[in-house]
Amino acid sequence: MLRQARREAIEGYIGISPWLIGFLVFTLGPMIASFYFSFTDWRITVSPRWVGLANYIRIFTDDRDFYQAIKVTFTYAAIALPLNLVAGLGLSLLLNQKVPGMSVFRTLFYMPVVLSGVSVALMWMWLLNPDYGVANTLLSYIGIEGPAWFWDPDWALLSVVLINLWRVGGGAIIYLAGLQNIPPHLYEAADIDGASAWAKLWNVTLPMLTPTLFFQLVMELIDVFQVFTIVYIITDGGPLRATLFYMLYMFRTAFVDFDMGYASALAWIMAIIIMFFTALVFKSSPLWVYYEGEAKE
């Protein structure tokens, strides 16, 4: 039995070795390296020079772009995160209806998720162009002068929120899977008790959907702090730094200014921010996440 167990363990490690090697080489290794480089002055063309906490001190005391990037990213997160959660849930409730052709609608709403980020950015540049874009042209037909969208500091960030909302079908499909996992007898019991549609939503659907909501909250939370492709292609942080997202600023620091040490410090600050908010969500989950069959005291 001992030999058999050892053989199974060896076979198991051989089976996971491609992933394990990939994780060590392409994930854990770069993470350790970036942590070291965050304490160095490294300009690529010269060898890294240890500077201790100088990069972190500079970030918090002498970097206005850092605070602008934090402001833009947190403002976007405060708008986009709840909007995506609510819109995704609402769309999933519609897609869960038993009507003919619903599979077609599910496919159509999911399609934006699988499209290339660059192609999506180019499409929205055309749709929201203030001079000849489809959106402003349609608005002009009803006597409304459309905004400049990405080219207006007051509208640029909201335009990014709009694009992100357009991809809400991905979250809706996950909600839909959660909805279809809810036992039908709970709704049958609610019908017998004379519960209204709103009562069933509030007392049956939402409590049973909290594990899915928890998963979506964590994934969306991580995602909203990592916006990059859309703003890089369309605005490059403009106009007037209105869309200078954190990831874009970090990318510029690393691959435009070639200040890899400073960029590594920026990366670890964002990692800590994401871990902090994710930990808060996990810490709060026992208060509002319900798992079927779980005993409640």
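Residues numbered from 1 in each chain as written. Predicted model: local features only at pLDDT ≥ 70, side-chain atom pairs only at ≥ 80, totals over all residues. Heavy atoms only, no water.

J.: How do you make sense of unusual backbone geometry when you look at a structure like this?
T.: Only a minority of non-glycine residues have a phi that is not negative, and only a minority of peptide bonds are not trans. Looking along the chain, the bond that leaves G238 and enters P239 is cis, with omega of -10 degrees. Within the element layout of this structure, P239 appears in the loop between helix 11 (229-234) and helix 12 (246-255). Located in the positive-phi region is R241, a residue other than glycine, with phi close to 65 degrees. Note that R241 resides in the loop between helix 11 and helix 12. (Helix = DSSP H or I, 4+ residues; strand = E, 2+ residues; numbered from the N terminus.)

J.: Just checking my understanding: could you explain the packing of helix 1 (residues 2-37) against helix 13 (residues 260-288) for this structure?
T.: Helix-helix packing is described using two parameters, namely the angle between the two axes and the distance between the axes. Where helix 1 contacts helix 13, the axes come no closer than 8 Å and their chain directions differ by 115 degrees. With respect to helix 13, the axis of helix 1 lies roughly perpendicular. You can see that helix 1 and helix 13 cross each other, and the crossing is left-handed. Along its contact with helix 1, which presents M31, S34, F35 and F37, the element helix 13 presents G261, S264 and W268. Per-class residue counts for the contact of helix 1 with helix 13 are 4 nonpolar, 3 polar and no charged. (Axes fitted to C-alpha atoms, helices over the stretch in contact; angles between N-to-C directions. Parallel < 35°, antiparallel > 145°, perpendicular 65-115°, else oblique. Left-handed = near helix turned anticlockwise from the far one by under 90°. Contact = heavy atoms within 4.5 Å. Nonpolar A, V, L, I, M, F, W, Y, C, P; charged D, E, K, R; others polar.)

J.: I keep staring at helix 1 and nothing clicks. Help me out?
T.: Given 3.6 residues per helical turn, the α-helix brings residues three or four places apart onto the same face. The terminal C-alpha atoms of helix 1 lie 45 Å apart, and with 36 residues this falls more than 12% below the ideal 52 Å at 1.5 Å per residue. At S17, helix 1 is bent by approximately 55 degrees, the largest bend along its length, and proline P18 sits one to four residues beyond. (Expected span 1.5 Å × (residues − 1). Bend = angle between axes of the 7 residues up to and from the residue.)

J.: In this structure, what is going on with the pattern of salt bridges? I would like to understand it.
T.: A pair can form between side chains of opposite charge whenever their charged atoms are brought close. Taken as a whole and assessed by the stated rule, the structure comprises 8 salt bridges. Residue D41 pairs with R49 through a salt bridge whose shortest N-O separation is 3.2 Å. Here the residues in one salt-bridge network are D41, R43, R49, R58 and D259, joined through shared partners. (Salt bridge = Lys/Arg side-chain N within 4 Å of Asp/Glu carboxyl O.)

J.: Help me understand a nonpolar patch on the surface, please; the structure alone is not making it clear to me.
T.: A cluster of nonpolar side chains, Y13, I16, W19, L20, I21, L24, V25, F26, L28 and I32, forms an exposed patch at the surface whose accessible area comes to about 1100 Å². Relative to the assigned elements, Y13 resides in helix 1. (Patch = residues over 30% accessible without salt bridge, like charges linked within 9 Å, V, L, I, M, F, W, Y side chains within 5 Å. Areas by Shrake-Rupley, 256 points an atom, 1.4 Å probe, with all protein chains shown as cover.)

J.: I would appreciate a short explanation of the environment of F105 in the present structure.
T.: Relative to the assigned elements, F105 resides in helix 4 (residues 102-114). Judged by its relative accessible area of 44%, F105 falls in the partly exposed class. In this structure, the C-alpha to C-alpha distance between F105 and L94, residues 11 residues apart in sequence, is 9.9 Å. (Buried < 20%, exposed > 50% of the residue type's maximum accessible area, 1.4 Å probe, protein only.)

J.: Could you clarify how one ought to interpret the nonpolar core in this entry?
T.: The nonpolar side chains of a soluble globular protein tend to be buried, and buried together. Of all hydrophobic cores here, the largest spans 63 residues; its most connected members are F66, Y76, F225, F245, Y246 and L266. The greatest single-element share of this core, amounting to 11 residues, is contributed by helix 13. In contact with F225, other than residues within four places in its own chain, are T73, F74, A77, M247, M270, I273, I274 and F277. In terms of nonpolar packing, the next biggest core, distinct from the first, is built from 6 residues, L95, M102, A172 and L176 among them. (Core = buried A, V, L, I, M, F, W, Y, C linked by side-chain atoms within 4.5 Å.)

J.: How should the side chain of T235 be read in this particular structure?
T.: Mapping T235 onto the fold places it in the loop between helix 11 and helix 12. Judged by relative accessible area, T235 falls into the buried class, the value being 14%. Excluding its chain neighbours within four sequence positions, the residues that come into contact with T235 are F150, I230 and T243.

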